[in-house]
Structure formats: C-alpha cells, structure tokens
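Working through the structure, step by step
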Amino acid sequence: MATDESPWPDRPVGVPFALMVDYEYQKLTLPRGTSRNVAQRVLTEAAEHGHWELDRLRLFPDGTRKVVLRRRYLKVQPTLDRQLISR
C-alpha cells in the first residue's frame, strides 16, 4: 500500500487519530416540490438551533432532496478518579 492511501476512508491522510472528531449524523428527506427557499429555511433552523452542519445534499431527478447533517459528538468523560468510584 502506498503511503498516500488510508485504510480508513473517512480519515484524512496524515491526520493522527487523536485529532479526529466523532460526529453524529441525521438524515432528512425533503419531498419533491419543496422550494429552494423552504429547504434553505429548514437547514438554517437545524444549523442554528441544533448545531447541525451540512454534510451531504443530493438532489434527485424527481426533485427529492436527501440531506445528511452532522454535528460533533460530545463524549462525557468521568471527572472522578476510578479508585474513588470502586470504593
């Protein structure tokens, strides 16, 4: 395998694992006939109030839009020492 190739397709080449961010995803389907302005409003609301960002948007020939939104996954880390918890 060449050094440019990554066995993990979602991981950019040369980025260590420690710098990677986990995301959670939400899929939306906007029916055909949904105007561009309405689609923009729906996505803007999701971005402003749910902290989502646009990952992927596909516009199909029939007018259906499939949207994938993502946001950072918050990991909760324990604040207590493990020895104190086991007592």
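I will try to describe carefully the structure that is included in this document. (Residues numbered from 1 in each chain as written. Predicted model: local features only at pLDDT ≥ 70, side-chain atom pairs only at ≥ 80, totals over all residues. Heavy atoms only, no water.)

Examining unusual backbone geometry
A positive phi is found at His 51, a non-glycine position, where the angle reads about 60 degrees. Considering the arrangement of structural elements, one finds His 51 in the loop between α1 (36-50) and β2 (53-59). On the basis of relative accessibility, which here comes to 64%, the residue His 51 falls in the exposed class. (Helix = DSSP H or I, 4+ residues; strand = E, 2+ residues; numbered from the N terminus. Buried < 20%, exposed > 50% of the residue type's maximum accessible area, 1.4 Å probe, protein only.)

Some thoughts on the side chain of Arg 65
Relative to the assigned elements, Arg 65 resides in strand β3 (residues 65-72). An unpaired buried charge is present at Arg 65: no salt bridge exists, and Asp 62, the closest side chain of opposite charge, is 9.4 Å distant. From its side chain, Arg 65 meets the backbone oxygen of Thr 34 in a polar contact 2.9 Å long. Those residues in contact with Arg 65, other than ones at most four positions away along the chain, are Leu 28, Thr 29, Leu 30, Thr 34, Ser 35, Arg 36, Ala 39, Arg 58 and Leu 59. (Lys, Arg positive; Asp, Glu negative; His and termini not counted. Salt bridge = Lys/Arg side-chain N within 4 Å of Asp/Glu carboxyl O. Polar contact = N/O pair within 3.5 Å; in protein donor to acceptor, adjacent residues only side chain to side chain. Contact = heavy atoms within 4.5 Å.)

As for the side chain of Thr 34
Take Thr 34: it is sitting in the loop between β1 (23-30) and α1. If sequence neighbours within four positions are ignored, Thr 34 has contacts with Ala 39 and Arg 65.

What about the pairing of β3?
With eight bridges joining them, β1 and β3 adopt antiparallel strand pairing. If you follow Tyr 25 over to β3, its bridge partner there is Arg 70. Inspection of the sheet shows β2 paired to β3 by six bridges, in the antiparallel sense. Across the sheet, the residue bridging to Arg 58 is Lys 66, located in β3. (Pairing = 2+ DSSP bridges.)

A few points about the nonpolar core
Proteins that are soluble and globular tend to have nonpolar side chains buried together. In terms of nonpolar packing, the biggest core is built from seven residues, these being Leu 30, Ala 39, Leu 43, Ala 46, Trp 52, Val 67 and Leu 69. For this core, the elements supplying multiple residues, two or more each, are α1 and β3. In terms of residue count, α1 provides more of this core than any other element does, three residues in total. Once you skip the residues sitting within four places of it in the chain, Leu 30 turns out to touch Ala 39, Val 42, Thr 64, Arg 65 and Val 67. (Core = buried A, V, L, I, M, F, W, Y, C linked by side-chain atoms within 4.5 Å.)

Description of the environment of Tyr 25
In this structure, Tyr 25 sits in strand β1. With 28 residues separating them along the chain, Tyr 25 and Glu 53 place their C-alpha atoms 9.6 Å apart. With near-sequence residues (within four places) excluded, Tyr 25 lies in contact with Trp 52, Asp 55, Val 68, Leu 69 and Arg 70.

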